[in-house]
Structure formats: C-alpha cells, structure tokens
Amino acid sequence: MSLSASGNQSEYPALGLTVEDAVTLPRIAIESVSPVLDEGRFAVKCIEGQRANVSAVVFTDGHEKLAVHLHWRRLNDSFWHMSPMTFLGNDHWEATIVPEQPGKFVYVIEAWRDPFATFQDELEKKYRAGVPITLELREGEQLVRAAAQSAAPESAQVLERVVAQMNAAHARDEQLAFFLSTETLETLREHGMRADQVFSRAYPLEVERQLAQFASWYELFPRSVTSEQTRHGTFRDVTARLPQISRMGFDVLYFPPIHPIGRTHRKGPNNALVAGESDPGSPYAIGSPDGGHDAIHPELGTLDDFIELVRQARRQGLEIALDFAIQCSPDHPWIKQHPGWFSWRPDGTIRHAENPPKKYEDIVNVDFYQKDSVPDLWLALRDVVLGWVQRGVTLFRVDNPHTKPLPFWEWLIADIRADHPNVMFLAEAFTKPAMMARLGKVGYSQSYTYFTWRNTKYELESYFTELNEAPWRDCYRPNFFVNTPDINPRFLHHSGRPGFLIRAALATMGSGLWGMYSGFEICESAPLSGKEEYLDSEKYQIRPRDYNAPGNIVAEISRLNLIRRQNPALQTHLGFQAYTAWNDNILFFGKRTDDLSNFVLVAISLDPHNAQEAHFDLPLWEFGLPDDAHMHGEDLMTGHTWTWYGKTQWMRIEPWHMPFGIWRIRPAS
C-alpha cells in the first residue's frame, strides 16, 4: 500500500471555494482523531509493549458502508502494519497499536466507501424482508467481476479465485451464502475497489521503554558517601553502597553534577559568599582547570572508576542518571576557549547568573543565540550528552530546562534518541503549566511536578485527576519527588516520621514515577529558618549519614517499592480514580488495570499527628456488583486478608502506627 499525498485529506478555506475545487474534495470525513497533540505537531507518548488505542470519528454522506483501517510504522521503516478499525457505533471507530520497541512511530487512518459491504447489507435486509433478490444477485456478480478486472497484479489471482467460487454457486441459496459470507466481504475489502479512498495526515508517536513510565529514583551526592565530613566520598564508596540502594527497590541512582568544581567565587556552607580552603563548593559551579562538562571531579575518582560504577550498578538492577546542568563556573575551560558563547557586560566582565534580586556569583550561563554559539555551542552540548551515553549513561536529569531555548531541546533530544532510543530525559522544571507541558511535547520523558506543594485532599485529588486528562496524559509523565536538595517541603519540617510516610505513600501510589533525595529515609527535615531549604545544605558541604539511624523508614520504603513492582495498576500515574471517604483529612482513591485483574485501593491520612476516621464507599460498582455484594481485601503492607460485606465501610487511621492503607481487592466469589 502506498500512503502518498494524493488523496490525503486537506484543509480548505471556508470562503472562495469554486465548483472546480468542490468536486475534488473528499466525501469521507476523518475527524476527532485521538491520541493527537496539537494537531500532530508533537508526538504522543507511548510505552513499548503496551496498548495504544487509536480512535476517530469517520463518516460520509448517504447510507453507504465504510471500511476504515489503521496503518502504522517506525518513522524510518518502509513497511506499514495494518489493522482494521472496529466500528463502535455513532460514527466512532477504534483500533489498537502495540509497538514492540522504542523509537519514533507514525500512524495514518485510511477510509473508503465499501461498495460490497453496502451491497451485502442491503441484500441481507431485502432477503429477510422477503423482497425478491434476483436482480440484486446479478448486481453482486457485477461488483465481484468489476473488482477482479480492476485489481492490482498482486490481488488479481486472489480475486480470480473469488470469481471462480461465485461461478460455482448455481442455486440461489448457494449464491446467497457466497454473497453474505464474511470471508467474501473480507477478501473484497482487502483486494477490491476502494471508492472515494481518503487518508488522514500522519500522526507521530514517541515510544519509550517502560522505565519512562515506571521507575523509582534515588538521589545522592557521591562525595557524601563517606563516614567523615573531612574525607571526600568517591565512586568506589558509592559502588559499595549499591546493594543497599537496590534492596530498597530503586531502579535509578541519580547524581548531581560529578564534574570539576570551580574555585572562583566558590560558595561556603549554607550558601556563604566566602568559602574556606577545604570547602568543596557547589557541584553546580561546573568547570575548572581539570576540565568541564565532559570531565570528572578528581576527588571522586577516575573515569575508569565511573565506568566500573555504571557496570556494577547494572548488575544490581540500577541505571545511573546524571545531572545535565548547562551553567559554568567562571573557571570553565569554555570561557577562555569560546568567549563568544557567553554574555559580557559593558565593562568587559562576564555576566553572572541572576534571578533578581538573587545573584549566583559562582556560575555563568551560556548564550544560545550569540553569533559564535550557533551552531557550535549547540553541537558541543550535544556531544557532552553523547559522550556520557557512550560511557553507559541512559538517563539525564536536566537542570532548569525551562530557562533554555525550546528549539534547542527539541533538536538535541531527537538527535540523541535517533541513535539511542533507550536514552531518557527528566525535566527539573518547576514553572508554569504551559511550559511544563511543552517540555514534555518537545521530548522530555518525565518531569518534576507540583506534587511537592500539594498537601490537602482537594489539592491532591484535583492534581492527580488533571494529570489523567488530555493533554497532560499524552505529553507529560509526572515524577513525584518527595524532596530534593533544593526543596525541604514545609509539610516535613514538623510532621515527624508519620509525615515522611505520608508523602512516601502519596508519591509511590500516585504515580508510576517517584523519587527521593538521600536523607529522606532517615527523616531529615531541619530547615533554614523560615525557608523550604535544608540547614547545612549538602549542596555546599559534605554530609555523611547513618542510614540505619533510629526512626528510619527504610523498611517501609522497601515495602512500598515492592508493592509497586507486584501490582501493574501502580506502575503508571494513569488510572487514578478518587472515591468517597467522608473525612477531608483522608485521601481515598483507586488504581486498576483495564481488565480489573489488579485493583488497588489506597487510603492516606493527611494528618501526621492525629487519628482520623471515616465511612467510605467500597467501589463495588466498578465490578458491576450490587451494593450488598462481598469483596475480598488484602493489606499489601501486612499481608492481612478479610472480606468486606456491602458498599458502606468504615476506617480508622492512626499515624503513629501506619498513616495509610494499601488494599488489593477482588470480588469474594
């Protein structure tokens, strides 16, 4: 099949249409195609091996029957896969794509008037009504012979066999059976005439591996993997800690920048403007005489140490994610080698990074649109990413991507993924909704979210629901980080161990993607006075930790991650449904697979200090059950099982025991 431009639907002006134009317009309309982002400008996100449902409204004038097919292929392949679309009634059609590997795909909807299906439908109606059909049978013969005579060479032999079967049917009942058979219809639909054939435009799909939708991220500073604040941690120290991180159930180990740190204007503890001789500085001040974005900070170890760390991490089921932070220290080699890539002030000094009134003296930003920057800077940054990919890195968390040009990201991500479709990018973009969605559209696999600041039942229900609706569901995958080195959420400042468990449950159950910054598992929360920042922030100093400290929640985090692995319904943010619990301090919702074989209910108290109680509705209706039905329940944290009787139930949550419940349910029968 050739999906050429001829015959494709086009848009025509509503005014000034001539009769010559009108007679060439398609008689078949293909509308409301889904999933589509911005009329096909951007690719809808999909996951390999998972169903992607494609639907459209397709109709024509009159009462003739239509045939509608879905075609799809990898972008650079020549072979098109095909599947007939199923008619759902009221002009709605649907089919399913199951892409089996990551990469860029396109799909096209084809429709045509199906003369034989129309004939078959009318023949059956007349026959059942007792209307004479002799002439209709002759018309059927003409249709079959005409199809055979006009068939393409590859279809001619098939249709000649159909003609032979028709000629062999002599009695009226034999002829009727031939013309009404499903086999005859399907053969003529595939090989016969296609009247008024029309194609939709090609719509893009971006297919990624499952880790783009389901992963648990763990962030740590390699330099802090040490027992003493005076000794700098190394990659070898991190390698020794990999089994512990893996046992907690994490898939991704993410490092802030691991590159050489500049000396000029180096920051001291708690962002002090003056650093001592032994202060390590912020890793985001990238670049020194030891190298730039393609180099490793000497105190962390060697390149060989890093490559061995990546290898050992994979043996533990972990992938390494690196921070791609484009800013530079004033000592970065690029400043001397490529001064035209930066902005300079009238007095000849370089322009430091600013967010007025804040000024970041230890970093400077590149300028993407300086004369010397295009395309050399763009290519250099691409080569930085490519270099780490070649060393085994498959994930990049990108620092503040919303402050860099969108065209740059659209080009860079597509360029990298063209040869390395397994590579993924996480946007650290706490900004306006339109920009966050656009970053997903231009290629980011995942993004940080507003989850960090959603605390009330209304806020959480509204936000989780919004992420399940268009356009977010098609372009944006939320990664629910519970904390970051930059954000010490106010909710955690005085909520104690129950508060940390509440946020962990919300993140792990609310999305297939979640992350935590080290220290969360031992409930670190001491803030800078009045701010959502950590006291003695690790961004400016080495911070050793005892991960077995009393009060830690390592076991609970490990269990939550295991529950996610064992329940497919929890491996995506999609499928969220809020249910009724008569208490504004209890968030109650469900996640389920399409076939209802895995159905999980989650009840989380949002109060870390007091017991909360509520009557709630057990969603029996989701299974088509009456209000007095029985339902089997299993507590996935404890393994306890029971049977519920009827729709209305009651719960009590005590935060000093466990501030949430996670229940797998199924009909008791």
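It should be emphasised that the depicted structure is a prediction, and the values quoted were computed from it without experimental measurement.

Cut-offs and rules
- Residues numbered from 1 in each chain as written.
- Predicted model: local features only at pLDDT ≥ 70, side-chain atom pairs only at ≥ 80, totals over all residues.
- Heavy atoms only, no water.
- 1 Å grid on protein atoms, 1.4 Å probe; cavity = no way out; pocket = protein on both sides within 12 Å on 5 of 7 lines; lining within 4 Å.
- Points joined across faces, edges and corners; volume = space filled by probe spheres on them.
- Helix = DSSP H or I, 4+ residues; strand = E, 2+ residues; numbered from the N terminus.
- Nonpolar A, V, L, I, M, F, W, Y, C, P; charged D, E, K, R; others polar.
- Core = buried A, V, L, I, M, F, W, Y, C linked by side-chain atoms within 4.5 Å.
- Buried < 20%, exposed > 50% of the residue type's maximum accessible area, 1.4 Å probe, protein only.
- Contact = heavy atoms within 4.5 Å.
- Pairing = 2+ DSSP bridges.
- Axes fitted to C-alpha atoms, helices over the stretch in contact; angles between N-to-C directions.
- UniProt positions renumbered as here; feature names shortened; annotations may be inferred.
- Salt bridge = Lys/Arg side-chain N within 4 Å of Asp/Glu carboxyl O.

Q: I'd like a description of the layout of surface pockets, backed by residues and values.
A: Empty space within the largest pocket amounts to approximately 1,400 Å³. Around the largest pocket, the lining is made up of 38 residues, and of these Lys 358, Tyr 360, Asn 400, Asp 486 and Lys 539 lie nearest the centre. Broken down by secondary-structure element, the contributors of at least two residues to the lining of the largest pocket are strand E14 (352–355) and strand E15 (358–364). Considering only residue class, the lining of the largest pocket consists of 15 nonpolar, ten polar and 13 charged. Of the volumes computed, that of the second largest pocket is approximately 1,100 Å³.

Q: Describe in detail the nonpolar core, supporting the description with residues and values.
A: With 127 residues, the main nonpolar core has Phe 306, Phe 396, Trp 409 and Phe 425 as its most contacted residues. When residues no more than four places from it in sequence are discounted, the contact partners of Phe 306 are Phe 235, Ile 258, Ile 296, Ile 320, Leu 322, Trp 388 and Val 393.

Q: Describe the sheet that holds strand E3 (residues 52–60), naming the residues involved and giving the relevant values.
A: Reading across the sheet, the four strands line up as E1-E3-E7-E6 and stay open at both edges, with antiparallel pairing between neighbours. Both edges of this open sheet fall to strand E1 (28–34) and strand E6 (86–89), since each of them pairs with a single strand only. Averaged over all adjacent pairs, the angle separating strand axes in this sheet is 30°, with direction ignored. Across five bridges, the pairing between E1 and E3 is antiparallel. Along E3, the bridge assignment pairs Ser 34 with Ser 55.

Q: Describe the UniProt feature "site: Transition state stabilizer" (unreviewed entry) in the protein, listing the residues and the values that go with them.
A: Mapped onto this numbering, the UniProt entry gives "site: Transition state stabilizer" (unreviewed entry) at Asp 486. Within the fold, Asp 486 resides in the loop between strand E19 (479–481) and helix H15 (490–493). Aside from chain neighbours lying at most four places away, what touches Asp 486 is Arg 397, Glu 428, Glu 532, Glu 533 and Lys 539.

Q: Go over empty space enclosed by the protein with me, naming the residues and quoting the values.
A: Using the criterion set out here, one finds three cavities of 30 Å³ or more in the structure. The volume enclosed by the largest cavity comes to roughly 90 Å³. Taken together, Phe 221, Pro 222, Arg 223, His 232, Pro 256, Pro 257, Ile 258, His 259, Ile 261, Pro 283, His 297 and Leu 300 make up the lining of the largest cavity. In terms of residue class, the lining of the largest cavity is built from eight nonpolar, three polar and one charged. Considered as a void within the structure, the second largest cavity measures approximately 70 Å³ in volume. Residue assignment for the lining of the second largest cavity shows that the elements contributing at least two residues are helix H2 (115–128) and helix H3 (134–149). Partitioning the lining of the second largest cavity into residue classes produces six nonpolar, one polar and one charged.

Q: Run through the pattern of salt bridges, naming residues and quoting values.
A: Using the criterion set out here, one finds 41 salt bridges in the structure. Salt-bridge contacts for Arg 41 lead to Glu 410; the nearest nitrogen and oxygen are separated by 2.9 Å. One end of the pair, Arg 41, is in the loop between E1 and strand E2 (44–47); the other, Glu 410, is in helix H11 (residues 406–419), and 369 residues separate them in sequence. When its relative accessible area of 27% is taken as the criterion, Glu 410 is described as partly exposed. Through salt bridges with shared partners, a single ionic network connects Arg 27, Asp 61, Glu 64, Arg 113 and Asp 196.

Q: Can you break down the pairing of strand E23 (residues 599–605) residue by residue, with the values?
A: Among the seven residues of E23, seven are classified as buried, and the element is accordingly described as predominantly covered. As paired elements, strand E22 (residues 586–592) and E23 share seven bridges and run antiparallel to each other. Its bridge partner being in E23, Leu 587 is matched across the sheet by Ile 604. In sequence, E22 turns back onto E23 through a hairpin of six residues, with Leu 596 there showing a positive phi of about 65°. Pairing geometry for E23 and strand E28 (residues 660–667), over five bridges, is antiparallel. By the bridge assignment for E28, Ala 603 is matched with Gly 661.

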